[in-house]
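# Survey of secondary and tertiary structure
Chain by chain, the residues:
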Protein chains: 2
Amino acid sequence: MPRRPSKAELEFLRTYNADEFPHPSVSVDVALLTARGDALEVFLVRRTEHPYKNDWSLPGGFVQLEESLEDAAARLLEAKTGLREVFLEQLYTFGAVGRDPRTRVISVAYYALVPLEQLAKLTVSDARGLMPVTEALQTALAFDHNAILERTLDRLRGRVEYSPIGFELLPTQFTLRELQTLHETILGKKLNKDAFRRKILARGQLEATGELEVGMGFRPAEYYRHARSGKAG
Amino acid sequence: MPRRPSKAELEFLRTYNADEFPHPSVSVDVALLTARGDALEVFLVRRTEHPYKNDWSLPGGFVQLEESLEDAAARLLEAKTGLREVFLEQLYTFGAVGRDPRTRVISVAYYALVPLEQLAKLTVSDARGLMPVTEALQTALAFDHNAILERTLDRLRGRVEYSPIGFELLPTQFTLRELQTLHETILGKKLNKDAFRRKILARGQLEATGELEVGMGFRPAEYYRHARSGKAG
DNA sequence: CAAATAGTGTCTGTTAGACACTATCAC
DNA sequence: GTGATAGTGTCTAACAGACACTATTTG
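A brief structural summary. Nothing here was measured: the structure is a model prediction, and the numbers come from that model.

## Focus: the pattern of salt bridges
Residues and elements named next belong to chain B. Evaluated as defined, the whole model comprises 24 salt bridges over all chains. Where Asp29 meets Arg99, a salt bridge forms, and the shortest distance between an N and an O atom there is 3.7 Å. With Asp29 in strand β1 (residues 25-36) and Arg99 in the loop between β5 (87-94) and β6 (105-113), this residue pair connects regions lying 70 residues apart in the sequence. Pair check on accessibility: Asp29 and Arg99 agree, each one buried. Between Arg155 and Glu89 there is a salt bridge whose closest N-O contact spans 3.0 Å. Highlighted residues: Arg155 in helix α4 (residues 145-162) and Glu89 in strand β5, separated in sequence by 66 residues. Its relative accessible area of 21% is what places Glu89 among the partly exposed residues.

Structure follows, in structure tokens:
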């Protein structure tokens, strides 16, 4: 965006009135997912105000004038969960006219992925906490948040086909069995052990740590980690 | 969104003031692509007002209170091109703080695909018309429209891997060679003729028309059409 | 030892690339 | 006939699924 404002343009900007006509408002909603065992869970907040008072909702809020959309999503996520620097990606923008009964609100939805261990310090209460995704989908969430959650899972299914994105939801170190089980949960189908192992390793994104599971009652698997997690040796 | 407004909620909504604090504005920008020969072209409009006066831009405009995002995109597209019922899909939402020098404007970008023949009636002038995509990318477009165009091409490349989406850009009937050439243009690489033919036909989305090219100077190819174009054959 | 899973080797079916070949038009 | 492309058949390489087998732990 190379700007070279002319005199006429500067005058135009000086007299520009942004509020000549009513605008839709813009909010950001974040679907934060994690994995507990082999189940996906989503972070929900119980609404304390109308509309949808007392219903579960995705954490969200209005975009401020001086922050980008991604900054807004990160800000909201930190405010509600204390998390910083998690995987965060824009999902879709929901703009149906009646999606918010207060006024016209357009919501830019993001989704975030985080290992459960990072949520350990999270204060869970009746007002906020993790709910299994399968349960959340059967719950009437506030606004169109069921649709946002469904689209998040669609996106996750698509991503999983091309990259072992599951590690975003797992601890730093994990066995291939754990990763496979997670992928099976996301995709909703069983995967072939041999093929999964070969495909995942062939991508070269995972590296063996040399460490083994302990106390499993059977042959321990080796721990792997994502190659980009650049912890030396 | 099953609503069951309580008395308290109705009172809340009655007194809700949507304009308590300044909002970002929301616009929609549309990247309309078509194919001329084996080159992609994009529809651009020359801006008549500040900012970026006289620069080329994607057609766009503000979202009205009572229309959905997709409705807004379709409305704008029809207003600037006269086109209706074209392929239209949400691309991404651009919300950097400084992307519009007037005020904070968040743009929900859409992209549209249309055969060149449907643009035949389009009034082309110094102020609006088609520009080859390669040229547009080297031109300084208004706002962040270069980024929108680049992301559109990324999306198109991704789509082409999974469906013969090229027919959205071609006339109703087309030969497999035309479709292949278009895919090669989009992907920027040569494709194998035999493999392309098998892969595309195996998807079962194209049907042969029985009609042949004429006057090609070589063996004429058969015309195909997309199976969903339900012209009784 | 048994039980259970880790990890590897191999066969098979599918698919894309490569190549060769025949078919059909304009000239 | 020549030149050019359409369209098909077949071989091959890559790869995923399936299965079998060995390896390694706990108890």
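There is more to say after this.
## Remarks on the protein's contact with DNA strand D
Close contacts around DNA strand D come from 20 residues, with A:Asp194, A:Arg219, B:Arg177, B:Arg219 and B:Glu222 the closest. Looking at DNA strand D alone, sugar and phosphate atoms form 52% of those within 4 Å of the protein. Take B:Asp194: an N or O atom from its side chain is 3.3 Å from a base oxygen of DNA strand D. Within the side chain of B:Arg219, an N or O atom sits 2.7 Å from a base nitrogen of DNA strand D. Breaking the surface near DNA strand D down by element, the ones donating at least two residues are α6 (193-202) of chain A together with α6 (193-202) of chain B. In the surface near DNA strand D, the residues fall into 6 nonpolar, 3 polar and 11 charged.

## A short note on α4(B)
Residues and elements named next belong to chain B. Taking 1.5 Å per residue as the helical rise, α4 with its 18 residues ought to reach 26 Å, and the 26 Å between its terminal C-alpha atoms agrees with that figure. His145, Asn146, Ile148, Leu149, Thr152, Leu153, Leu156 and Val160 are the residues of α4 that are buried. For α4, the angular spread of buried residues about the axis comes to 155 degrees, placing them on one side.

## What to know about the sheet that holds strand β8 (residues 174-175) of chain A
All names here are of chain A. Within the open sheet, the 3 strands sit side by side as β8-β10-β9. Their pairing is antiparallel. The open sheet has two free edges, formed respectively by β8 and β9 (206-212), since each of these has just one partner strand. In terms of strand pairing, β8 meets strand β10 (residues 222-226) through 2 bridges, oriented antiparallel. Directly across from Thr175, in β10, lies its bridge partner Tyr223.

## Side note on the packing of aromatic side chains
Enumeration according to the criterion identifies 7 aromatic pairs over all chains in this entry. Between B:Tyr52 and B:Phe143, the aromatic rings sit 4.9 Å apart at their centres with planes inclined by 55 degrees, giving tilted as the arrangement. Taken as a pair, B:Tyr52 in the loop between β2 (39-46) and β3 (56-57) and B:Phe143 in the loop between α3 (133-138) and α4 lie far apart in primary sequence, 91 residues in all. Here the basic side chain of A:Arg151 rests over the ring of A:Tyr92, its NZ or CZ set 3.6 Å away from the ring centre.

## Considering the protein's contact with DNA strand C
Around DNA strand C, a shell composed of 19 residues is seen, among which A:Arg177, A:Lys193, B:Asp194, B:Arg198 and B:Arg219 lie nearest. Sugar plus phosphate, as a fraction of atoms of DNA strand C within 4 Å of the protein: 54%. At 2.8 Å from a base nitrogen of DNA strand C is found a side-chain nitrogen or oxygen belonging to A:Lys193. Taken together, the elements giving at least two residues each to the surface near DNA strand C come down to α6 of chain A together with α6 of chain B. Looking at the surface near DNA strand C residue by residue, the class counts come to 6 nonpolar, 2 polar and 11 charged.

## Some remarks on the sheet that holds strand β9 (residues 206-212) of chain B
Across the sheet, which stays open at both edges, the 3 strands sit in the order β8-β10-β9 (chain B) with antiparallel pairing between neighbours. One side of each edge strand has no neighbouring strand; the edge strands of this open sheet are β8 (174-175) and β9 of chain B.

Quick notes on the rules
- Residues numbered from 1 in each chain as written.
- Chains lettered and ligands numbered in written order.
- Predicted model: local features only at pLDDT ≥ 70, side-chain atom pairs only at ≥ 80, totals over all residues.
- Heavy atoms only, no water.
- Salt bridge = Lys/Arg side-chain N within 4 Å of Asp/Glu carboxyl O.
- Helix = DSSP H or I, 4+ residues; strand = E, 2+ residues; numbered from the N terminus.
- Buried < 20%, exposed > 50% of the residue type's maximum accessible area, 1.4 Å probe, protein only.
- Near = heavy atom within 4 Å.
- Polar contact = N/O pair within 3.5 Å; in protein donor to acceptor, adjacent residues only side chain to side chain.
- Nonpolar A, V, L, I, M, F, W, Y, C, P; charged D, E, K, R; others polar.
- Expected span 1.5 Å × (residues − 1).
- Arc of directions from axis to C-beta.
- Pairing = 2+ DSSP bridges.
- Phe/Tyr/Trp six-rings, centres within 6.5 Å; stacked < 30°, edge-to-face > 60°.
- Lys NZ or Arg CZ within 6 Å of the ring centre and 35° of its normal.

Everything listed is a geometric property; what it means functionally is a separate question.
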